[in-house]
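Residues per chain, in single letters:
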Amino acid sequence: MLDSSAGRAVGETPPVVSKSVSKRRQGVSDRAIAWLFVAPSIFLLLAVNIFPLIWTVRLSFTNFRVNRPNAEVQFVGLKNYISVLTDGDIWQTMQATAHFLIWTIVLQVLIGFALAYLINKKFRGNDLWTTIIVLPMMLSPAVVGNFWTFLYQPQIGLFNYAVGYLTGTDPSAFSMIGDVSLAPWAIVIVDTWMWTPFVMLICLAGLRSIPSSIYEAAECDRASKWRQFWTITIPMVLPFLMLAVLFRGIENFKMFDLVVQLTGGGPGSITELTSINLKREAFEKWRTGYASAYAVILFVTVFGLASIYVKALNKVKQR
Amino acid sequence: MSSYSVTEPSVRQKWAAGTLVVVYALITILPLLWIIATSFKSPSDAIAYPPKTVFQPTLEGYVNLFTTRTRATEQDLKELGEPKTWYDRIVRKDGFIIAGPSRFLERFSNSMIIGFGSTVLCIVLGTAAAYAFSRFKVPLKDDLLFFILSTRMMPPIAVAIPIFLMFRSLGLNDTHAGMILLYTAVNLSLAVWLLKGFIDEIPIEYEEAALIDGYTRFQAFYKVVLPQAMTGIASTAIFCLIFAWNEYAFAVLLTSGTAQTAPPFIPTIIGVGGQDWPAVAAGATLFLVPVMIFTIVLRKHLLRGITFGAVRK
């Protein structure tokens, strides 16, 4: 989705209206209309997306602080970048983010694919049940995340009660969001609950795109179901699955609302993901220059990783 | 005689698959049902152990959500006399009196204004841009589309610093206009992307016929293309609306008073002595249930939006 090949994925552009027809149209020229139609969008995106980004880059070379508007702003070169990269806390944050990213993707891919595979068996009412499974991802992560803190309460929380009921442990003996060893899993569970349907929907689209004639041919060749699964189903769904992983990866690298409401980065800073850490630097400690450098580093990281990933994705598609 | 197909699952397979999916669906929807149930509980029922599934329903949570209350003194009670309304009675039962309305209604209508405002603006700008990208030779088209998409990869916090500064110097901080512009920009990339897909599917012959009949480009656009793209526009609009409705990061950083939306507000609802969970649940219910109903009713149109256009008809 990140390079020009994405345009093809969504659909070939229809041919431009033939010359003879365009010559007969009256009024404004097509060229003028094209610009008239595109310009407002481009302008808005430049003003609200690109201009701030350039400003961030500029700020990242200064010692500017929002809460000290009258202090003299000095250019400090790469100092901010060096202090970001040598800060031990940031590496801990990165570790927390990596744990969150890897486990949510693994769980969501496994459960999401399994669900899509089952739904594709076309049992009666699969449409309605699919919609019910999709519900969590349509809701506000902040509001839902906040309510999950209630479900995670020791003793009175529904989650603890259910775990206690199923495993026989005392529901007041553990606290999912208060315990250092459990909190990283608490956020993985809620994110998986919320976003598995997304992976499921994309897998379902992939499964439905496989023509049944391929399976019929395999059946004629007496290929076992097991073999059909590994040589037809998996390779044909793989590009879709990789796309889902890309979207989830980018989204969870940016993760803020759900986790900030669930744990607030705690206990201590064990679930302090990069976005939460960045927010703390920028809007609580008001180290604007430092936070800007941090933001630039994050953006370059996502952009770089995503570009490499898209290259791999296109290779898989071409196979 | 029905034709035998090797790809059609057997009845037993369908039953097994159906059962597993239904079990998963029931587990996944449980937390949502719990939110709704909690909103009708009394505070003591909400924190009972073991968790109560059968309880005496009360509107206390909703009353607490919409009002601010103070503890009643003997004198207050004497002056006010008997409670006059049903909500007075509910509050009085716990020894409180209603001091005034809470800010919930305000925050909720902010969510509506900003949500609908940004959706309309986004659709107007997005449809025009998508049409141009679909039908004309725009120089650097692929680069522009890529640029539009890449704006989604930025963490909101990273752009929030300069937007905060920019809005502050323009007087847009904590205003409806500022938030509408911001959400429009955030949604625009995806809207153009989705709408271009929809418009690409409309055969170009219709417009050519209209142009030959003497329509201008503009007339051909709004008399021929727009009516045909309506389903696509509607599903993109729903998607934009849900995003703006749910957004939290920008809202919490850039609004604090007049333009604050419901997502940053609901978690701050605190009762007297510990969090008032029924009131929080009541706010969450009012905020989430419209989206749930939307999703179920409009499920056929939503799928493409939520999978970023990866799912095609």
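Read on for a plain summary of the structure.

Cut-offs applied
- Residues numbered from 1 in each chain as written.
- Chains lettered and ligands numbered in written order.
- Predicted model: local features only at pLDDT ≥ 70, side-chain atom pairs only at ≥ 80, totals over all residues.
- Helix = DSSP H or I, 4+ residues; strand = E, 2+ residues; numbered from the N terminus.
- Rg over C-alpha atoms; globule rule 2.2 N^0.38 Å.
- Buried ≥ 20, exposed ≤ 12 C-beta atoms within 10 Å, placed from the backbone.
- Contact = placed C-beta atoms within 7 Å.
- Axes fitted to C-alpha atoms, helices over the stretch in contact; angles between N-to-C directions.
- Parallel < 35°, antiparallel > 145°, perpendicular 65-115°, else oblique.
- Left-handed = near helix turned anticlockwise from the far one by under 90°.
- Nonpolar A, V, L, I, M, F, W, Y, C, P; charged D, E, K, R; others polar.
- Core = buried A, V, L, I, M, F, W, Y, C linked by C-beta atoms within 7 Å.
- Bend = angle between axes of the 7 residues up to and from the residue.

### Structural notes on the overall build of chain A
Moving on, step 1. On a plain count of helices and strands, chain A comes out with 14 helices and zero strands.
Moving on, step 2. Start at the N end of chain A and walk to the C end: the helices and strands fall as α-α-α-α-α-α-α-α-α-α-α-α-α-α.
Moving on, step 3. Computed over the C-alpha atoms, the radius of gyration of chain A is 25 Å, more than 25% above the 20 Å expected from 2.2 N^0.38 for a compact globule of 319 residues.
Moving on, step 4. Seen through its principal axes, chain A has C-alpha atoms that stretch 75 × 75 × 35 Å.
Moving on, step 5. Buried positions account for 40% of the 319 residues belonging to chain A.
Moving on, step 6. By sequence separation, contacts in chain A at least 24 residues apart represent 71% of the contacts at least 6 residues apart.

### Re the packing of helix 1 (residues 11-39) of chain B against helix 14 (residues 277-297) of chain B
All names here are of chain B.
Moving on, step 1. Here helix 1 crosses helix 14 at 120°, and the two axes come no closer than 7 Å. In terms of axis orientation, helix 1 runs oblique to helix 14. Here helix 1 and helix 14 pass one another in a crossing that is left-handed. Contact with helix 1, carried on its side by Ile35, Ile36, Thr38 and Ser39, involves Trp277, Pro278, Ala281, Ala282, Ala284, Thr285 and Leu288 of helix 14 and no other residues of that element.
Moving on, step 2. The residue inventory of the contact of helix 1 with helix 14, partitioned by class, reads eight nonpolar, three polar and no charged.

### Description of the interface of chain B and chain A
Moving on, step 1. Residue-level contacts link 98 residues of chain B with 94 residues of chain A.
Moving on, step 2. Looking at the side of chain B that touches chain A residue by residue, the classes come out as 72 nonpolar, 15 polar and eleven charged.

### Considering the environment of Val109 of chain A
Residues and elements named next belong to chain A.
Moving on, step 1. Mapped onto the elements of the fold, Val109 is located in helix 5 (residues 88-119).
Moving on, step 2. The exposure class assigned to Val109 is partly exposed, which follows from the 19 C-beta atoms found within 10 Å.
Moving on, step 3. In the structure, Val109 is positioned 138 residues away from Phe247 in sequence and 12 Å away in space, judged by C-alpha atoms.
Moving on, step 4. Every residue in contact with Val109, bar those within four places of it in the chain, is listed here: Val199, Leu241 and Val245.

### Focus on helix 7 (residues 141-151) of chain A
Moving on, step 1. Where burial is concerned, most of helix 7 of chain A is hidden: eleven out of the eleven residues are buried.
Moving on, step 2. Among the residues of helix 7 of chain A, those classed as buried are Pro141, Ala142, Val143, Val144, Gly145, Asn146, Phe147, Trp148, Thr149, Phe150 and Leu151 of chain A.

### Quick word on the nonpolar core
Moving on, step 1. Core analysis: the largest hydrophobic core is formed by 162 residues, its most contacted members being Phe147 and Cys203 of chain A.
Moving on, step 2. Filtering out sequence-adjacent residues up to four positions away, Phe147 of chain A remains in contact with Ile35, Val280, Ala281 and Ala284 of chain B.

### Some thoughts on the packing of helix 10 (residues 205-212) of chain B against helix 11 (residues 217-246) of chain B
Residue and element names in this part refer to chain B.
Moving on, step 1. It is at 10 Å that the axes of helix 10 and helix 11 come closest, and there the two elements cross at 140°. When the interaxial angle is binned, helix 10 and helix 11 end up oblique. Considering the relative orientation of helix 10 and helix 11, their crossing is right-handed. Listed contacts from helix 11 to Tyr206, Glu207, Ala210 and Leu211 of helix 10 are Ala220, Val224 and Val225.
Moving on, step 2. Class assignment for the residues of the contact of helix 10 with helix 11 results in six nonpolar, no polar and one charged.

### Regarding unusual backbone geometry
Residues and elements named next belong to chain A.
Moving on, step 1. Unlike most non-glycine residues, Lys122 shows phi in positive territory, near 55°.
Moving on, step 2. Among the structural elements, Lys122 can be located in the loop between helix 5 and helix 6 (126-138).
Moving on, step 3. Positive phi, close to 60°, is recorded for Arg222, a residue that is not glycine.
Moving on, step 4. As for its position among the elements, Arg222 is in the loop between helix 10 (212-220) and helix 11 (225-253).

### Details of the environment of Ile90 of chain A
Moving on, step 1. As for its position among the elements, Ile90 of chain A is in helix 5.
Moving on, step 2. Considering only alpha carbons, one finds Ile90 of chain A and Tyr294 of chain A, 204 residues apart in sequence, at a separation of 9.3 Å.

### Here's the deal with helix 11 of chain A
Residues spaced three or four apart along an α-helix face the same direction, because each turn holds 3.6 residues.
All names here are of chain A.
Moving on, step 1. Its axis deflected by about 45° at Leu238, helix 11 carries its strongest bend there, up to four residues before the proline Pro239.
Moving on, step 2. Buried within helix 11 are the following residues: Val237, Pro239, Phe240, Leu243, Ala244, Arg248, Ile250, Asn252 and Phe253.
Moving on, step 3. Tucked inside the fold, the buried residues of helix 11 contact helix 5, helix 9 (183-208) and helix 14 (288-318).

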